[in-house]
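As a plain string of letters, each chain reads:
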Amino acid sequence: MAHDIWTYGQTAAPAARLDLIGYRVEATDGFAGTVDTHEPTAGRAHVVVDTAPWIPGRRVIVPAGVVTAVDPGTERLHIGCSKQQIEEAPQFEPGPDHVSDDEQPHRMGLVDYYLAFFR
């Protein structure tokens, strides 16, 4: 079965019911930024991570399937990729449907980039 990167996995499922804005994002090797926006809708769920102060002025989309755990007590969101992988991720391109259309080039680029983590 293919990994659905736009839906939270079992260990991160509570994230879909939380307001994650402002949560600290922890990559596998440390702090990667904070959650700037959160879209919890299954099939297109994701967070936009503001990488400041680590990388000022950069925001990236992290699909829900990359989230490994959420800790509401400490307001931390854990992701299954390294800081370098976040640094190399496609930059967030704001727009009304930045991840809603499967045929949209930016969404397809995100799918290709993040699915590589699950191969």
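These figures come from a predicted structure and were not determined experimentally. (Residues numbered from 1 in each chain as written. Predicted model: local features only at pLDDT ≥ 70, side-chain atom pairs only at ≥ 80, totals over all residues. Heavy atoms only, no water.)

## Some words on the nonpolar core
Next, step 1: Of all hydrophobic cores here, the largest spans 32 residues; its most connected members are Tyr8, Leu20, Val47, Val62, Ile79 and Tyr114.
Next, step 2: Mapped onto this core, the elements with two or more residues apiece are strand E1 (24-27), strand E2 (30-39), strand E3 (46-50), strand E4 (59-63), strand E5 (67-71), strand E6 (76-79) and helix H2 (105-115).
Next, step 3: Top contributing element to this core by residue count: H2, with four residues.
Next, step 4: The residues contacting Tyr114, other than those within four sequence positions of it, are Ile5, Ile61, Val62, Pro63, Val66, Ile86 and Ala89. (Core = buried A, V, L, I, M, F, W, Y, C linked by side-chain atoms within 4.5 Å. Buried < 20%, exposed > 50% of the residue type's maximum accessible area, 1.4 Å probe, protein only. Helix = DSSP H or I, 4+ residues; strand = E, 2+ residues; numbered from the N terminus. Contact = heavy atoms within 4.5 Å.)

## Details of the sheet that holds E4
Next, step 1: Taking strand neighbours across the sheet as the criterion, the six strands line up as E4-E3-E2-E1-E6-E5 in an open arrangement whose pairing is mixed. The sheet is open, and its two borders are formed by E4 and E5, each paired with just one other strand. Neighbour to neighbour, the strand axes of the sheet diverge by 35 degrees on average, direction disregarded.
Next, step 2: Across three bridges, the pairing between E1 and E6 is parallel. Within the sheet, the bridge partner assigned to Arg24 lies in E6 and is Arg76. (Pairing = 2+ DSSP bridges. Axes fitted to C-alpha atoms, helices over the stretch in contact; angles between N-to-C directions.)

Read these as spatial facts, not as claims about activity.
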